[in-house]
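# Examination of the molecular architecture
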Amino acid sequence: MESPEFVDEDEESNLEEDVPPAKSSKLSGSDLYKPPTTEELNTLRDTNMLFHSNLTKLQITELLKEVTLSKTKREKIDEYLHSLHDVIMTLPITDKFKLSESQKMFDQIQIPFVMKPAKVKGEMKCTPPADIQVVGSYLLDTNLKQKLNIDLVLELPTESMQAKDHLNQRYLRKRAVYLAYIAHYLLENDLISELKFAYSEENPLKPVLLLKPSGKLSNSLIVRVHTCPSKESFKLERFLPHKSNVRKSWFTGISTKQDDVSLNPTPHYNSIVLRDMLMVEHLKYLFESFSEYEGIRDGIKLLKVWLRQRELDQGTGCFNGFIISMLAAYLLEKRRINKMMSSYQVVRNVFQYLSTSDWTEEGISFKDHDTSEFHKYFEIVFVDPAGTLNLCSEMSAAVYYQVCQEAEYSLKTLDNKVISNGFDAVFMTSLPFIKKFDHIIHVCRPWLLHNSCERMNLIENLPDYGGNAINCAVPKIMSVLRQGLRSRVKLIGVKGCQYGMWSTDSHPPSWKDPSSTLSFGFILTSDASSIIDKGPTAETPEASSFREFWGDKSELRRFQDGSICEAVVWNCKNKTDKRNILENITKHILRLHCSLSSNSIIYTSNQIEEILTLKTDSKQTEYVPVPGYVGTGDEVNIKLVHSYNELCRQLRNLKDLPLTVVSLQGVSPALRYTEVYPPTQVIIPDNQVMKKIMKKIQVPDSEDSAPPYVHAIEVICHLEGSGKWPQDVEALRRLKAAFHITFSDELEKEHSELTCVPTQTYLDVFKDGFVFRIIIAYHREITIMQTFTTNDGLVKNKITPESIALEEKTSHLPKLASVLHGLTQKFPSFCLVSRLAKRWINGQLLSRHVPEIVIELLCASLYTNPEPYTTPGSAQVGFVRFLSFISKFDFNSNPVIIDFNNEMEEFDITTIQEHFNANRDSLPTMFIATNKDKTRSIWTRKQPTCMILRRLQALAVISLKNLENEIMSLEKGVSTMSIFHGSLSAYDVVIHLEPKCVARKYEACQVDGDIVEEDLATQNENSNILPVVGFDPVQSYLDELESSYGELAMFFHNTNGGREIGVLWRPNAFQPREFKLTTALCSSILSKSKVAANVKTVIEDFQIIGKGLVSNIELRTDKWKI
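Please read all numbers here as calculations on a predicted model, not as lab measurements. (Residues numbered from 1 in each chain as written. Predicted model: local features only at pLDDT ≥ 70, side-chain atom pairs only at ≥ 80, totals over all residues. Heavy atoms only, no water.)

## Re unusual backbone geometry
The general pattern is negative phi for most residues beyond glycine and trans for most peptide bonds. Put simply, the rule reads: Helix and strand labels come from DSSP, where a helix needs a run of H or I of at least four residues and a strand needs a run of E of at least two; each type is numbered from the N terminus. Using a 1.4 Å probe on the protein chains alone, a residue whose accessible area is under 20% of its type maximum counts as buried, one over 50% counts as exposed, and one in between counts as partly exposed.
For the peptide bond that leads from lysine 116 to proline 117, omega is 0°, which places it in the cis range. As for its position among the elements, proline 117 is in the loop between strand 1 (97–98) and strand 2 (123–124). Proline 868 follows glutamate 867 through a cis peptide bond whose omega is 5°. Among the structural elements, proline 868 can be located in the loop between helix 28 (852–864) and helix 29 (875–888). Look at glutamine 169: it is not a glycine, yet its phi comes out positive at around 65°. Within the secondary structure, glutamine 169 sits in the loop between strand 4 (149–155) and helix 6 (170–186). Judged by relative accessible area, glutamine 169 falls into the buried class, the value being 1%.

Next comes the structure, spelled out in structure tokens:
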């Protein structure tokens, strides 16, 4: 992966321009305390009533300024449209030609229509249009300035139309030919810089011509040219849903007597023609409804921004700006909104209506037209004012449900006063498909959907969709998925083919093209990993349907309540398998009911978790799991927690202790399931490399290799209070050492299977193959450390680095660890996201610069404040959002507020914001506020620094882009290893380490082939020998380097088995400086009083200090030259 360069804050310019002093605007005393005027009071009242708050009003005003066209821009566009109108109206007239031979008329232009079947009756003659009108949001002043499209509709001349053009795609093909005619004669026109074709709403039956103006408008405007028939061409009744306008015999080329008797309805084909016929009428209706009401127009703009941010206005059957405008007109007609409302009130009322409506059961209609006939043919029903067209004819239930859910969620976000950025979450944050859904499926072989239509008995419907099997099959596939996944998913989303634009001399894209994709997304519930699907009881009629749906997976089972029911059981060996249940279900039902094999589906869900598996590389071909470590290590972590709970019980039950144990709190990440690679049960190999010392402890006895790293699981132990605790620091430490010895003796006396090794500062307990480190804490020890007596005999307090560290470890960390553990229990994916985030940061060689607890807090913010998303339900989407959060969040201007258990009130949020703004210069670069730490951000006091944070954000941008490309790729499997392996290109010096001396080499992305399973052998759990604990030669080497050369350089390393150390010289490391004893190390004398660091000597010291550990040192830059 590419690596951005480091940028140090010292290199930034701090120059300020000379600014002339402003004139004093100081108010007099009488003006300062003058009571508000009536006008000011009315303004404040209106603001509270119409815009919720003054801040919301200001935000809406600024947003509307950004998306609204200026008057000057409109004048230029109007002038251009008039010029284009004049050019089109003077196009030459062609001779009459057969519709089936239309391609011969335009050599340089390809007809933007897939002519299948090729044979079609009819003739046409191309002449200038009967009329040209601007339609759509431009005339209503509800368009958005960004990606501005103006719709121009050309009325087909009567010479181009014939009596039976409503049949067999004749009109649709004629409109495509007419667009080719327009493109042919505008190809060389000076008004146009580029011509392209596209499909309107990605529907291959409805192409449009895209004109890119020349001159200043070329970068800000696209004119979309549509066509429509004249009013006299067709009768509206001809296109009612139950009418048939595409003959099966023509479409298939096979004629039977039955086809002449039974005609299948073509509701979707009919609605396409109706849209063109009523395009101008709909514009007039909207214009009459709210053209004079600025609040409604502005509300529609905000709603369009909302739809665009969520990608709901894109693709086949989308909820586009036209539908939201018609919905506003409908609500205005039904008096759900009124002309006096502000834009904010319009938005809230639309959200409120969408969140409580259901157009799948009870469709809506202008003028109370009957909708029952439409419900027979369409999933979603919204009938237009004419009563003949379903405006949502192409919309699937999946899109509609998604719009309703987003509206409900947005309304809650706006109403939540605790959320400080509610407006930004609703209107300013983009929600792409990949960040919205927990699991994503791609149908990578779209041509196979024709077989799906056969399997689902949809072949009779294909003529209605112009043969497009994707659009035909989607509703039925969605129905199958909803029936199979049931309560496992909260929402199923769909993303249809994105055909894009193509040049006028290229063939139009088809749904069968390999590049065409159909994607589904799942938002999971807490039941997603349930191992059983319980069906109806065996005697009921529903049991037969259940067996038919699930096939051979269904079986009769007796449940605990005594009932005998049909059920489907998904066998799982570990938690990784449980997380794959949804994938197994999806593939099974799609194969069984839709004829989609596993080879035609790409399911991306948990593949990214592969980085969390511990494997050894055997000849670069096969991977052998580390003994005791299955899948992502969930099972070994559960064993660890079980052993920890049992040890806590044993400690509390000790009888002969001077003081009773009050509390035991595990603070190691493994106990809250967030350790990147959970500790396995340790087994000490009995070989020549190890030897016993003091009967209970083993230490490494060879310079050639380091023993596997063994974690010490830290547990903070608080004892009951007593007046006999000493008030002297040294005496207190000796007493705690005595307690460690007492604990050790009592544990071994009552539990002989335990191995206990006491020290002055902690007690190590070896239990079930895990090493637990018991640290006794006294609640007044911090105060005692801070208290000292002056020479005058005065007792004073002074905060010291030692007291701060002790307070963090024994007071703050246990409380935070408990809360984070609770978050893991509530949201199972949190621990996986935290592990992935840590592994990614470690892979970027930033292990020593971003504390683990900070990473966990950042991940926690995705769950406590998920807006505008739902809470992450999988590791994949959680990690994608983590990278997005890191790359986009403005840490300099905003605090990260984490509200555990929803305890904070609006006052707390305001207090944190005010404190942050008032003290920004003295606060850490990354400020994290929690329920228990609202003003200090104790976990980010020292790290990360400004430079590290900027690099972290730059790396997140690159990693996010690569990861999104992999997830949305049509290639099998998600290869994510590259984003977890940082580049070394940004470093001045690279220190290469001997692999055998890297204690955690098994955690690396790439493992040597010479590491065999025996090296990872685990010991007999009954062993009474304490293994080497916490021994990592690389970290010791880095500690020595930072201690000696921290002023010259920064050191970067991947804790998870990294074999390189990156060295970055500090900006002033080699600049001449005054000679002092503290600066004499590795320096060269430049003059009598000046010295400078000698890079060759520094490198030699690096090599000497790391003798046996360092393989070689590589100089990559010459920044050290003076």
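Let us keep going from here.
## Remarks on the pattern of salt bridges
Selection criterion: The term salt bridge refers to a side-chain nitrogen of Lys or Arg lying within 4 Å of a carboxyl oxygen of Asp or Glu.
This model, assessed by the stated rule, comprises 48 salt bridges. Close ionic contact of aspartate 276 with arginine 175 constitutes a salt bridge, the shortest N to O distance being 3.0 Å. Of the two residues, aspartate 276 is situated in helix 9 (residues 267–277) and arginine 175 in helix 6; the sequence distance between them amounts to 101 residues. Taking the relative accessible area as the measure of exposure, arginine 175 reaches 0% and is therefore buried. A salt bridge links glutamate 555 to arginine 557; the shortest N-O distance between them is 2.9 Å.

## Looking at the side chain of serine 289
To keep things clear, this is the line we draw: Whether two residues are in contact is decided by their heavy atoms, any of which lying within 4.5 Å being enough.
When you line up the elements, serine 289 lands in helix 10 (residues 279–290). With relative accessibility at 15%, the residue serine 289 sits in the buried group. In this structure serine 289 touches Ala329 and Leu332, once residues within four positions along its chain are discounted.

## Observations concerning the packing of helix 20 (residues 542–550) against helix 22 (residues 581–594)
To keep it simple, the criterion reads: Geometry is summarised by axes, namely lines fitted to C-alpha atoms with helices restricted to the contacting stretch, and by angles between N-to-C directions that run from 0 to 180 degrees. Orientation is classified from the angle alone, with under 35 degrees giving roughly parallel, over 145 giving roughly antiparallel, 65 to 115 giving roughly perpendicular, and any other angle giving oblique. Note on residue classes: Ala, Val, Leu, Ile, Met, Phe, Trp, Tyr, Cys and Pro are nonpolar, Asp, Glu, Lys and Arg are charged, and everything else, Gly too, is polar.
The geometry of helix 20 relative to helix 22 is characterised by a closest axis approach of 9 Å and an angle of 95° between their N-to-C directions. As far as their axial angle goes, helix 22 and helix 20 are roughly perpendicular. Side by side, helix 20 and helix 22 meet where Glu548, Phe549 and Trp550 of the first sit next to Ile585, His588, Ile589, Leu592 and His593 of the second. For the contact of helix 20 with helix 22, the class distribution of residues is five nonpolar, two polar and one charged.

## Description of the pairing of strand 15 (residues 554–558)
Regular strands place side chains that alternate from one sheet face to the opposite one. Here is the rule we go by: Only strands joined by at least two bridges in the DSSP assignment are considered to pair.
Bridge analysis of strand 15 against strand 16 (residues 564–569) gives five bridges, and the strand direction is antiparallel. Pairing of serine 554 across the sheet is with valine 568, part of strand 16. Linkage of strand 15 to strand 16, two consecutive antiparallel strands, is achieved through a turn of five residues, within which glycine 562 is found at a positive phi near 95°.

## Points about the side chain of arginine 488
Stated formally: N or O atoms within 3.5 Å of each other form a polar contact, as long as, within protein, one can give a hydrogen and the other can take it, and as long as residues adjacent in sequence are counted only when both atoms are side-chain atoms.
Tracing the backbone through its elements, the reader meets arginine 488 in the loop between helix 19 (469–485) and strand 11 (489–495). Side-chain polar atoms of arginine 488 contact the backbone oxygen of serine 530, separated by 2.7 Å. In this view, arginine 488 contacts Leu524, Thr525, Asp527, Ala528, Ser529, Ser530, Ile532, Asp533, Trp570, Ile581, Leu582 and Ile585; residues no more than four positions away in its chain are not counted.

## A closer look at the environment of isoleucine 979
As for its placement among the helices and strands, isoleucine 979 is situated in the loop between helix 31 (946–967) and strand 31 (989–993). Isoleucine 979 gets classed as buried once you look at its relative accessible area, which sits at 2%. Spatially, the C-alpha atoms of isoleucine 979 and leucine 963 are 7.4 Å apart, while their sequence positions differ by 16 residues.

## What about the sheet that holds strand 25 (residues 763–767)?
What holds strands together in a sheet is hydrogen bonding between their backbones, with the strands either parallel or antiparallel. Strands sit in the order 20-23-26-25-24 across an open sheet of five strands; the sheet is mixed. On the outer flanks of this sheet lie strand 20 (661–666) and strand 24 (755–758), each paired with one strand and no other. Between one strand and the next, the sheet's axes are offset by a mean angle of 25°, whatever the strand orientation. Pairing between strand 23 (residues 712–719) and strand 26 (residues 770–777): seven bridges, direction parallel. Of the residues in strand 26, the one forming a bridge with histidine 718 is alanine 777.

## Let's talk about the packing of helix 11 (residues 294–309) against helix 13 (residues 343–356)
Under the convention used in this document: The hand of a helix crossing depends on one turn: near helix anticlockwise from the far one by less than a right angle means left-handed, and clockwise means right-handed.
Orientation of helix 11 relative to helix 13, taken along the N-to-C sense of each, is 55°, at an axis distance of 7 Å. As summarised for this structure, helix 11 and helix 13 are arranged oblique, according to the angle between their axes. Like other packed secondary-structure pairs, helix 11 and helix 13 cross with a definite hand, here right-handed. On helix 13, the residues touching Gly295, Ile296, Asp298, Gly299, Leu302, Leu303 and Trp306 of helix 11 are Ser343, Val346, Val347, Val350 and Phe351. Residue classes in the contact of helix 11 with helix 13 are distributed as eight nonpolar, three polar and one charged.

## Brief notes about the nonpolar core
Let me state the cut-off plainly: Throughout this description, the term nonpolar core refers to a set of buried Ala, Val, Leu, Ile, Met, Phe, Trp, Tyr and Cys residues connected via side-chain atoms within 4.5 Å.
Core analysis: the biggest nonpolar cluster contains 166 residues, and Phe319, Leu327, Trp359, Phe382, Ile477 and Phe522 have the highest contact counts within it. Here this core gets 11 residues from one element, more than from any other, and that element is helix 6. What phenylalanine 319 contacts, discounting residues up to four positions off in sequence, is Leu307, Leu312, Asp313, Ile324, Leu327, Leu354, Trp359, Met395, Val399 and Val403.

## Comments concerning the sheet that holds strand 15
Read from one edge of the open sheet, three strands run 14-16-15, paired in antiparallel fashion. At either end of the open sheet lies a strand with only one pairing partner, and these are strand 14 (532–537) and strand 15. Taken pair by pair, the neighbouring strands of this sheet meet at an average axis angle of 40°, ignoring direction. Here helix 20 sits on the sheet and contacts strand 14, strand 15 and strand 16; the angle it forms with strand 14, its principal contact strand, is near 145°.

## Some thoughts on the packing of aromatic side chains
The criterion, for reference: For Phe, Tyr and Trp, rings pair up if their centres lie within 6.5 Å, where Trp contributes its six-membered ring, and each pair is then called stacked (planes under 30 degrees apart), edge-to-face (over 60) or tilted (otherwise). The rule for a charge over a ring is simple: NZ of Lys or CZ of Arg within 6 Å of the ring centre, and within 35 degrees of the ring normal.
Taken as a whole, this structure holds 39 aromatic pairs when the rule is applied. Where phenylalanine 885 meets phenylalanine 889, the ring centres are 4.9 Å apart and the plane angle is 35°; that geometry is what we call tilted. On the basis of relative accessible area, phenylalanine 885 is assigned to the buried category, the value being 17%. Across the ring face of phenylalanine 559, the terminal group of lysine 534 is positioned such that the distance to the ring centre comes to 4.6 Å.

These figures capture arrangement, not role.
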